Amino acid sequence: MKVPNTVSTETFATTVLDSSKPVLVAFSAPYCAPCRRAAPTLRQLADELADRLVVVTVNVEEQPDLAERYGVRAFPTLGLFVDGRLVHHSVGVDPVPEFLDEFGDFLPDR
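Counting restarts for each chain, with residues numbered from 1 along the sequence as it is written. Restriction of local features to residues with pLDDT of at least 70 applies here, the model being predicted, together with a cutoff of 80 or more for giving and counting side-chain atom pairs; totals for whole chains, interfaces and linings are based on all residues. To get the side-chain values, all heavy atoms of the structure are used, and hydrogens and water are removed first.

## Quick word on the overall build of the protein
- Helix and strand counts for the protein come out as four helices and five strands.
- Counting helices and strands in the order they occur from the N terminus, the protein gives β-α-β-α-β-α-β-β-α.
- We compute the radius of gyration from the C-alpha atoms alone; for a globule the expected value is 2.2 Å times N to the 0.38, where N is the number of residues. A compact globule built from 110 residues would reach a C-alpha radius of gyration of about 13 Å, and the protein, at 13 Å, matches this within 12%.
- We call two residues in contact when some of their heavy atoms are within 4.5 Å. Within the protein, contacts between residues separated by at least 24 positions form 74% of all contacts whose residues are at least 6 apart in sequence.
- Accessible surface computed for the protein: about 6000 Å², of which carbon and sulfur atoms make up 48%.
- Only four residue types enter the tally: Lys and Arg on the positive side, Asp and Glu on the negative side; His and the chain ends are excluded. Charged side chains are reduced to one point each, which is NZ for Lys, CZ for Arg, CG for Asp and CD for Glu. A distance of 3 Å separates the average location of the 10 positive side-chain charges in the protein from that of its 16 negative side-chain charges. Counting from the N terminus, the helices are the DSSP runs of H or I reaching at least four residues and the strands are the DSSP runs of E reaching at least two. Each accessible area value is a Shrake-Rupley result obtained with a 1.4 Å probe; residue values ignore everything except the protein chains displayed when judging cover.

This is how it looks when you write it as structure tokens:
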């Protein structure tokens, strides 16, 4: 199963903002139990939607500037970036079918 890459302030622009695919950014913290529970779902999304979506994580403890820039106040927060713009966000990670209900309209067709 594919493991989402962790991005930093230094790699955020290249990995997220300049991506040709939509990018799902999971803002999380190591001490966050819901974030740890969400990890398998994020891996599943990265694996099952690899042709349509890039999945990355941001450790807000190590990258507080990114959390502040995107208004992250709770964890995990998901942000979907398309063409370098934040187009949708939500708090928490739903199972894959619910994720697709919420974010699917922003993903390219297969």
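Read on, since the account is not over.
## Description of the state of the cysteines
- Pairs of cysteine sulfur atoms within 2.5 Å are what we label disulfides. Going through the model one piece at a time under the given rule, you end up with one disulfide.
- One disulfide bridge connects C32 with C35, the sulfur atoms lying 2.4 Å from each other. The sign of the 80 degrees torsion about the S-S bond sets the C32-C35 disulfide as right-handed. This pair shows no difference in class: C32 is buried, exactly as C35 is. Partly exposed residues are those whose accessible area sits between 20% and 50% of the maximum for their type, while under 20% is buried and over 50% is exposed, using a 1.4 Å probe and protein chains only.

## As for helix α4 (residues 96-103)
- Those residues of α4 that fall on the buried side of the exposure criterion are V96, F99 and F103. Across the axial projection of α4, the buried residues extend over an arc of 55 degrees, all falling on one side. Exposed residues on α4 whose side chains face more than 90 degrees from its buried face are P97 and D101.
- Along its buried surface, α4 packs onto β2 (23-28), α2 (33-48), β4 (77-82) and β5 (85-91). To obtain the arc, one takes the directions from the helix axis to the C-beta atoms.

## Things to note about the nonpolar core
- Membership of the largest hydrophobic core comes to 16 residues, with the highest contact counts inside it found for F12, V16, V25, F27, V56 and V58.
- Of all the elements in the fold, those that place two or more residues in this core are α1 (9-17), β2, β3 (54-59) and α3 (64-69).
- Broken down by element, the residue count for this core peaks at three residues, all from β2.
- Excluding anything up to four places from it in sequence, F12 contacts V7, L17, V25, V58, L66, R69, Y70 and F81. In this text, buried Ala, Val, Leu, Ile, Met, Phe, Trp, Tyr and Cys residues form a nonpolar core when linked through side-chain atoms within 4.5 Å.

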